[in-house]
Amino acid sequence: MERVLNKRSDSKCELCAATENLSVFAVLPIKKGGADENILACKTCLDQIENPGNEDLNHWRCLNDSMWSEHIPVQVVAWRMLSRLRAAGWPKELLDQMYLDEDDLEWAQATGEGEDDEAKIIHRDVNGVILSTGDSVVLIKDLKVKGSSMVAKQGTAVRNIRLDHENAEYIEGRVDSQTIVIITQYVKKV
């Protein structure tokens, strides 16, 4: 994967064009995997993407160029960062210029970036810990799976969960090679 992304990006961060401390970043939620759902990004960009509130506004002026990338995952990350920073003024202007087709816009919005804080759906486990796409959880009680004879046992680890973006009480995960919907009050984040 890293070799493919290095070739695609000419060994530069696909967001700011830095050449140091590059690594692969998966643009969640992942559907198929592969280079079409990943970008090559520098440590500076990744730290600021993964830690909202720590953004250096001037660093992200690079999005003026990278938002026009021919690669959809780069556009998606650019859209998310511009949405996060839009209160500063110039990111809102760039966001207004940007175009994503319907599926790509849905992918960009899947993490809740760009929504007002009151409008965001926040998924929490039984202890109130915020859940994110890709997290791992453990079932805290035996759960009967509707529509089947399967019982998901207490203590079962569910890795790489997906969030239901319409209901804060539902997540999806694979148990015994079957994808099921799980109610968040019956899971604990690992």
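Above this text is the structure in question.
Throughout what follows, the structure given in this document is the object of discussion. (Residues numbered from 1 in each chain as written. Predicted model: local features only at pLDDT ≥ 70, side-chain atom pairs only at ≥ 80, totals over all residues. Heavy atoms only, no water.)

**Observations concerning the overall build of the chain**
Here is step 1: Regarding its fold elements, the chain presents six helices and ten strands.
Here is step 2: With the C-alpha coordinates aligned to their principal axes, the bounding extent of the chain is approximately 55 × 40 × 30 Å.
Here is step 3: Out of the 190 residues in the chain, the part that is buried amounts to 38%.
Here is step 4: Considering only intrachain contacts with a sequence separation of at least 6, the fraction spanning at least 24 residues in the chain is 56%. (Helix = DSSP H or I, 4+ residues; strand = E, 2+ residues; numbered from the N terminus. Buried < 20%, exposed > 50% of the residue type's maximum accessible area, 1.4 Å probe, protein only. Contact = heavy atoms within 4.5 Å.)

**Description of the layout of surface pockets**
Here is step 1: If you add up the space inside the second largest pocket, you get close to 330 Å³.
Here is step 2: Along its surface, the second largest pocket is lined by Pro29, Ile30, Lys31, Asp103, Glu106, Trp107, Ala110, Thr133, Arg162, Leu163, His165 and Glu166.
Here is step 3: Of all the secondary structure elements, the ones that give two or more residues to the lining of the second largest pocket are α6 (102-109) and β7 (162-163).
Here is step 4: With three residues, the top contributor of residues to the lining of the second largest pocket is α6.
Here is step 5: Among the residues making up the lining of the second largest pocket, the classes are represented as five nonpolar, two polar and five charged. (1 Å grid on protein atoms, 1.4 Å probe; cavity = no way out; pocket = protein on both sides within 12 Å on 5 of 7 lines; lining within 4 Å. Points joined across faces, edges and corners; volume = space filled by probe spheres on them. Nonpolar A, V, L, I, M, F, W, Y, C, P; charged D, E, K, R; others polar.)

**Looking at the nonpolar core**
Here is step 1: Formed by 33 residues in total, the largest nonpolar core has its most connected members in Leu15, Ile39, Trp60, Leu63, Val77 and Leu82.
Here is step 2: Secondary structure elements with two or more residues in this core: β1 (22-26), β2 (38-42), α2 (43-50), α4 (72-85), α5 (90-97) and α6.
Here is step 3: Among the elements that make up this core, the one with the highest residue count is α4 (eight residues).
Here is step 4: In contact with Val77, not counting residues within four places along its chain, are Leu15, Phe25, Val27, Ile39 and Ile49.
Here is step 5: One finds Leu139, Leu143, Ile161 and Ile182 within the second-largest nonpolar core, a separate group that totals 15 residues. (Core = buried A, V, L, I, M, F, W, Y, C linked by side-chain atoms within 4.5 Å.)

**Remarks on unusual backbone geometry**
Working note: non-glycine residues mostly have negative phi, and peptide bonds are mostly trans.
Here is step 1: Each neighbour pair has its own omega, and for Leu28 with Pro29 the value is -5°, a cis peptide bond.
Here is step 2: Assignment of secondary structure puts Pro29 in the loop between β1 and β2.
Here is step 3: Of note, the phi angle at Asp10 is positive, near 60°, even though the residue is not glycine.
Here is step 4: Within the secondary structure layout, Asp10 lies in the loop between α1 (2-9) and β1.
Here is step 5: Backbone geometry places Ser11, a non-glycine residue, at a positive phi of 55°.
Here is step 6: As for its placement among the helices and strands, Ser11 is situated in the loop between α1 and β1.

**With respect to the sheet that holds strand β6 (residues 157-158)**
Here is step 1: Across the sheet, which stays open at both edges, the three strands sit in the order β6-β3-β10 with antiparallel pairing between neighbours. The sheet is open, and its two edges are formed by β6 and β10 (187-189), each paired on a single side.
Here is step 2: Strand direction decides the pairing type here: strand β3 (residues 137-139) and β6, joined by two bridges, are antiparallel. Note that in β6 the partner of Val138 across the bridge is Ala157. (Pairing = 2+ DSSP bridges.)

**A few points about the pairing of strand β8 (residues 170-175)**
Here is step 1: Side chains Ile171, Gly173 and Val175 of β8 all project onto a buried face; the interleaved residues Tyr170, Glu172 and Arg174 project onto a face where none is buried.
Here is step 2: Pairing of β7 with β8 involves two bridges; the strand directions are antiparallel. In the sheet register, Arg162 faces β8, and the bridge partner there is Glu172.
Here is step 3: Where β7 hands over to β8, the hairpin turn is made up of six residues, counted between the paired strands.
Here is step 4: As defined by bridge partners, β8 adjoins strand β9 (residues 178-183) across six bridges and the pair is classed as antiparallel. Bridging from a neighbouring strand, Gly173 pairs with Ile180 of β9.

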